[in-house]
Amino acid sequence: QVQLVESGGGSVQVGGSLRLSCAASGDIKSINAMTWYRQAPGKQRELVAAILNLGITSYADFVKGRFTISRDNTLNTVYLQMNSLMPEDTAVYYCNLKQPYSGAPSYDFWGQGTQVTVSS
């Protein structure tokens, strides 16, 4: 089993910054992808940024140039540095770990989510 614990959410004003962290524990495989998703009230969950264990990253267009995803494989932790925050970034941010598990080539584990609120 795998556990994901997010932290770092909070309330900031427009233009502010936050750094989210997601610590993974348990049966972590050497090959995996860690991804941040977000879900705003009344909207579907959407991908924000992803990073593979080798460090390859990808971003949603709406965060390019503002958010940076990184990871520390020794700590099994992924980070999301969020700068120039805007009210539309307000959402619950979820950490996802995708890896082989229990015979399946790919399995999704989710954290509990952390609230980010950006006010003008």
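Structure first, text after, so check above.
My aim in this report is to walk through the structure given alongside it, one point at a time. (Residues numbered from 1 in each chain as written. Predicted model: local features only at pLDDT ≥ 70, side-chain atom pairs only at ≥ 80, totals over all residues. Heavy atoms only, no water.)

### Description of the overall build of the protein
Just so we agree on the cut-off: The way it works is that DSSP assigns letters per residue, a run of H or I at least four long becomes a helix, a run of E at least two long becomes a strand, and they are numbered from the N terminus. The globule rule used for comparison is 2.2 Å times the number of residues to the exponent 0.38, while the radius of gyration itself is calculated over C-alpha atoms. For every residue, the accessible area (1.4 Å probe, protein chains only) is compared with the maximum for its type, and the residue is labelled buried under 20%, exposed over 50%, or partly exposed between those bounds. In what follows, residue pairs with any heavy atoms lying within 4.5 Å of each other are defined as contacts. In short, Shrake-Rupley with a 1.4 Å probe defines the accessible areas, and a residue's cover is counted only from the protein chains shown. Positive charges come from Lys and Arg, negative ones from Asp and Glu, while His and the chain ends are left out of the count. Every charge is mapped to an atom, namely NZ of Lys, CZ of Arg, CG of Asp or CD of Glu.
Counting its secondary structure elements, the protein contains 0 helices and 11 strands. Going from the N terminus to the C terminus, the protein shows its helices and strands as β-β-β-β-β-β-β-β-β-β-β. On C-alpha atoms alone, the protein measures out to a radius of gyration of 14 Å, which is about the 14 Å that the 2.2 N^0.38 rule sets for 120 residues. Here the protein holds 120 residues, and the buried ones make up 42% of them. Counting contacts in the protein only where the partners sit at least 6 residues apart, residues at least 24 apart contribute 53% of the total. Working note: accessible area of the protein is about 6,200 Å², and carbon and sulfur atoms make up 52% of it. Of the side-chain charges in the protein, 9 are positive and 8 negative, and the distance between the mean point of each set is 2 Å.

### Regarding the sheet that holds strand 8 (residues 77-82)
Our working rule: For two strands to be treated as a pair, DSSP must find at least two bridges joining them. The axes are straight lines fitted to the C-alpha atoms, using for helices just the contacting stretch, and the angles between their N-to-C directions are given from 0 to 180°.
The 4 strands lie next to each other as 1-3-8-7, forming an open sheet whose pairing is antiparallel. Of all the strands in the sheet, the pair left with one neighbour each is strand 1 (2-7) and strand 7 (67-72). Across this sheet, the average inter-strand angle for adjacent strands is 15 degrees, counted without regard to direction. Pairing between strand 3 (residues 18-26) and strand 8: 6 bridges, direction antiparallel. From the neighbouring strand, S21 faces strand 8, where its bridge partner is Y79.

### Description of the side chain of R38
Applicable threshold: Under this definition, polar contacts are N or O atom pairs within 3.5 Å; protein pairs additionally need one hydrogen-donor-capable and one acceptor-capable atom, and for neighbouring residues in sequence, both atoms have to be side-chain atoms.
With respect to the helices and strands, R38 occurs in strand 4 (residues 33-39). Residue R38 is classed as buried on the basis of its relative accessible area, which comes to 6%. Looking at R38, its side chain comes within polar contact range of the side chain of D89, at 2.9 Å. Those residues in contact with R38 that sit more than four places away from it in its chain are Q44, R45, E46, V48, F62, V63, F67, E88, D89, A91, V92 and Y93.

### Digging into the state of the cysteines
Heads up, the rule is: Any two cysteine sulfur atoms lying within 2.5 Å of each other are counted as a disulfide.
Tallying each qualifying case throughout the model produces 1 disulfide. The residue that forms a disulfide with C22 is C95, at a sulfur-sulfur distance of 2.1 Å. With the S-S bond torsion at -80 degrees, the cross-link from C22 to C95 turns out left-handed. Of this pair, C22 sits in strand 3 while C95 is found in strand 9 (residues 91-101), placing the two residues 73 residues apart along the sequence.

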